[in-house]
Amino acid sequence: MKFIAFLILSLVVVLLVNGATSYIGAMIALALLGTLMHPGSFAAFFGGGFGMALAWTSLALFLKFSTGSDLPEKMGELFGVDSAMAILLITAVIGFVLGAFSGLSGHLFWKMLRKKPKNIYRGNL
């Protein structure tokens, strides 16, 4: 359940923050979201990754089809790729990697700050 909630919230946060800041602002926002929600390592990694990938891909598709621009084709020519869909796939992969490690960083930051119980018997060490 936390995975789906984190995925939806990360998608919304990236869509809102990317309009005002660069991708670094979205990464910081995802890390803060991971810190506040502490969804778990799996949910933080994949929820943040898929959230940012879906946000970036949907924004790219929206801009392509709403303006009728041929910018993706021109970017594909610059990068040596013939297809605009390949550029969208590259955008999704980069968004996944950035979002995944941002969400995981937030979760690990929360884990680092969490108080650990002391004086617990741990057996013979």
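One can find the structure itself at the top, above this paragraph.
From a predicted model like this one, the values you see are computed outputs, not experimental measurements.

Peer 1: Got a minute to help me understand unusual backbone geometry in this structure?
Peer 2: Negative phi characterises most residues that are not glycine, and trans characterises most peptide bonds. We note that H38 has phi near 35°; this positive angle belongs to a residue other than glycine. Among the structural elements, H38 can be located in the loop between α2 (23-37) and α3 (41-67).

Peer 1: How should the nonpolar core be read in this particular structure?
Peer 2: Most often, soluble globular proteins keep nonpolar side chains buried together rather than apart. The biggest cluster of nonpolar side chains holds 12 residues, and these are F6, V13, V14, A26, A29, L30, L33, M37, M52, A55, W56 and L98. Listing elements by their share of this core, those giving two or more residues are α1 (2-18), α2 and α3. Counting residues in hydrophobic clusters, the runner-up holds five residues, among them F45, F96, A100 and L104.

Peer 1: Explanation requested: the side chain of S10 in the structure shown.
Peer 2: Among the structural elements, S10 can be located in helix α1. Discounting residues that sit within four places of it in the chain, S10 has contacts with L30, L33, G47, G48 and G51.

Peer 1: I tried to follow the packing of aromatic side chains on my own but got confused; where do I start?
Peer 2: The geometry of an aromatic ring pair is captured by two quantities: the separation of the ring centres and the angle between the planes. Tallying each qualifying case throughout the model produces eight aromatic pairs. For the ring pair F3 and F42, a centre distance of 6.0 Å and an interplane angle of 40° mean the geometry is tilted. With F3 in helix α1 and F42 in helix α3, this residue pair connects regions lying 39 residues apart in the sequence. Where F42 meets F46, the ring centres are 4.8 Å apart and the plane angle is 50°; that geometry is what we call tilted.

Peer 1: It is not clear to me how the environment of H107 should be interpreted in this structure. Could you clarify?
Peer 2: With respect to the element layout, H107 can be found in helix α5 (residues 84-113). By relative accessible area, which is 4% here, H107 ends up buried. Remark: the alpha-carbon pair of H107 and G80, spanning 27 residues in sequence, is separated by 38 Å. If we ignore the near neighbours within four places in the chain, the residues touching H107 are G34, T35, H38, P39, G40, S41 and A44.

Peer 1: Got a minute to help me understand the packing of α1 against α2 in this structure?
Peer 2: Helix-helix packing is described using two parameters, namely the angle between the two axes and the distance between the axes. Relative orientation of the contacting elements α1 and α2 amounts to 150°, with a least axis distance of 9 Å. Regarding the angle of α1 to α2, the classification is roughly antiparallel. When you trace α1 past α2, the crossing you get is right-handed. Along the contact surface, α1 presents K2, A5, F6, L9, S10, V13, V14, V17 and N18, while α2 presents Y23, G25, A26, A29, L30, L33, G34 and M37. A breakdown of the residues in the contact of α1 with α2 according to their chemical character gives 12 nonpolar, four polar and one charged.

Scoring rules and cut-offs
- Residues numbered from 1 in each chain as written.
- Predicted model: local features only at pLDDT ≥ 70, side-chain atom pairs only at ≥ 80, totals over all residues.
- Heavy atoms only, no water.
- Helix = DSSP H or I, 4+ residues; strand = E, 2+ residues; numbered from the N terminus.
- Core = buried A, V, L, I, M, F, W, Y, C linked by side-chain atoms within 4.5 Å.
- Buried < 20%, exposed > 50% of the residue type's maximum accessible area, 1.4 Å probe, protein only.
- Contact = heavy atoms within 4.5 Å.
- Phe/Tyr/Trp six-rings, centres within 6.5 Å; stacked < 30°, edge-to-face > 60°.
- Axes fitted to C-alpha atoms, helices over the stretch in contact; angles between N-to-C directions.
- Parallel < 35°, antiparallel > 145°, perpendicular 65-115°, else oblique.
- Left-handed = near helix turned anticlockwise from the far one by under 90°.
- Nonpolar A, V, L, I, M, F, W, Y, C, P; charged D, E, K, R; others polar.

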